[in-house]
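The residues making up each chain are set out below.
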Amino acid sequence: MSKPSPMRIGARSSNLSLRQTAEVGDRLRAAWPDLEVAVEVIATSGDRALETPLPLLGGKGAFTEELEIALLDGRIDLAVHSLKDLPTRQPRGLVVGAVPARASVADVLISRSGAGLADLPPGATIGTSSPRRSAQLLHARPDLRLLSIRGNVDTRLRKALDPGGDYDAIVLARAGLERLDRLDAITEELPPTVMLPAPGQGALAVQCRDKSALKALLAPIHHTASALATIAERAFLAGLGGGCSAPIAAYGRFDNGEFHLDGRVSTPDGRSQIDVQWTGPCPDEPAATDAGLALARKASEEGAGALLDANP
């Protein structure tokens, strides 16, 4: 009998993507001890143009399109993404086969001086290329100067800590630093009252062709609570018609069996901000989608459309 072919997992070339892919591979091998896993590195347009603003590259798809093409062509069997980078609509023939247990959803501040957000000097320069982060930072500190920064996590950390650099601080996702063993760089974890996360932040998505065998393979590493929370968050984003260039934030979680979903919509300058909440049962994926869409309608009723129309 011939040896089964290895399960081919596609990853981006960054250290973080490779760590995330290794995490998924470890989970799969724990569930299927005889499974052989091979990683194929695929460069994406988002990786090749690290200095170009993401909206100019086509938004979140800049990090996923080449991996999705490889899936559809059969060159790889699975693709591992940061869920917040995955567009809310899936290409025909592809599905999110698993969302493993979610890491921290928090955003963190890394400052050169060791000062927290409240203690940074007036007019301090913070590096971020996220409209969501920029808007919420300006809502908390209107005096701040926001300066675009792109590159992988290692590059951003180097720029942030450069004594002669352009940045007094930067904001990153805690989950990425945790996966790279760089929690030592964190100055301050920003609370959700200040910085609500991006929909899907901290979670991984394992994408595959819509085939029963692949979905069965992924079933043991799927974490239902993480999946339902991120489905609701992404439905909130989709319900508002937002993408990576819109300052939209959402955070879903279960507490004592009840589901809580917070949403936030801001203007780019942070002057106006709408916060909405939804609480209720969330037993399955349709209920999670309904919760996100219901919260989007509530935000729209409170004027979110006008705020989003103010975005460039």
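This write-up is about the structure you can find in this document. (Residues numbered from 1 in each chain as written. Predicted model: local features only at pLDDT ≥ 70, side-chain atom pairs only at ≥ 80, totals over all residues. Heavy atoms only, no water.)

1. Topic: the overall build of the protein chain
Step number 1: Within the protein chain, the secondary structure is distributed over 10 helices and 13 strands.
Step number 2: For the protein chain, the C-alpha radius of gyration of 19 Å lies close to 20 Å, the compact-globule estimate for 312 residues.
Step number 3: Across its three principal axes, the protein chain shows a C-alpha extent of roughly 70 × 45 × 35 Å.
Step number 4: Within the protein chain, buried positions represent 51% of all 312 residues. (Helix = DSSP H or I, 4+ residues; strand = E, 2+ residues; numbered from the N terminus. Rg over C-alpha atoms; globule rule 2.2 N^0.38 Å. Buried < 20%, exposed > 50% of the residue type's maximum accessible area, 1.4 Å probe, protein only.)

2. What about the nonpolar core?
Step number 1: Membership of the largest hydrophobic core comes to 22 residues, with the highest contact counts inside it found for Phe236, Leu240, Ile248 and Val265.
Step number 2: Those elements giving two or more residues to this core turn out to be helix H8 (224–239), strand S11 (248–255), strand S12 (258–266), strand S13 (273–280), helix H9 (285–301) and helix H10 (304–309).
Step number 3: Residue contributions to this core peak at 5 residues, all from H8.
Step number 4: By size, the runner-up hydrophobic cluster in this structure holds 17 residues, among which are Ile9, Leu78, Val80 and Val95. (Core = buried A, V, L, I, M, F, W, Y, C linked by side-chain atoms within 4.5 Å.)

3. Looking at the packing of aromatic side chains
Step number 1: Per the stated rule, a full pass over the model turns up 2 aromatic pairs.
Step number 2: Ring geometry for Phe254 against Phe259: centres 4.9 Å apart, planes inclined by 50 degrees, an arrangement best described as tilted.
Step number 3: A relative accessible area of 31% places Phe254 in the partly exposed class.
Step number 4: Look at Phe259 and you get buried, because its relative accessible area is 0%.
Step number 5: Members of the aromatic cluster, connected to one another through ring pairs, are Phe254, Phe259 and Trp278. (Phe/Tyr/Trp six-rings, centres within 6.5 Å; stacked < 30°, edge-to-face > 60°.)

4. Here's the deal with helix H1 (residues 15–31)
Step number 1: Look at H1: 24 Å from first C-alpha to last across 17 residues, which is about the 24 Å you get at 1.5 Å a residue.
Step number 2: All of the buried residues along H1 are Leu16, Ser17, Gln20, Thr21, Val24, Gly25 and Leu28. (Expected span 1.5 Å × (residues − 1).)

5. Regarding the packing of H8 against H9
Step number 1: The contact between H8 and H9 brings their axes to 7 Å, and the two run at 35 degrees. Classified by chirality, the crossing of H9 by H8 is right-handed. Contact residues: H8 offers Leu228, Ile231, Ala232, Ala235, Phe236 and Gly239, while H9 offers Glu285, Ala288, Thr289, Gly292, Leu293, Leu295, Ala296 and Ala299.
Step number 2: Class assignment of the residues belonging to the contact of H8 with H9 gives a composition of 10 nonpolar, 3 polar and 1 charged. (Axes fitted to C-alpha atoms, helices over the stretch in contact; angles between N-to-C directions. Left-handed = near helix turned anticlockwise from the far one by under 90°. Contact = heavy atoms within 4.5 Å. Nonpolar A, V, L, I, M, F, W, Y, C, P; charged D, E, K, R; others polar.)

6. Points about the pattern of salt bridges
Any two side chains of opposite charge can pair, so long as their charged atoms come close to each other.
Step number 1: Evaluated as defined, the whole model comprises 19 salt bridges.
Step number 2: Close ionic contact of Arg102 with Glu233 constitutes a salt bridge, the shortest N to O distance being 2.8 Å. Of this pair, Arg102 sits in the loop between strand S4 (94–98) and strand S5 (107–111) while Glu233 sits in helix H8, and the two are 131 residues apart along the sequence.
Step number 3: For Arg102, a relative accessible area of 18% puts it in the buried group.
Step number 4: Between Arg141 and Asp143 there is a salt bridge, with its nearest N and O atoms 2.7 Å apart. (Salt bridge = Lys/Arg side-chain N within 4 Å of Asp/Glu carboxyl O.)

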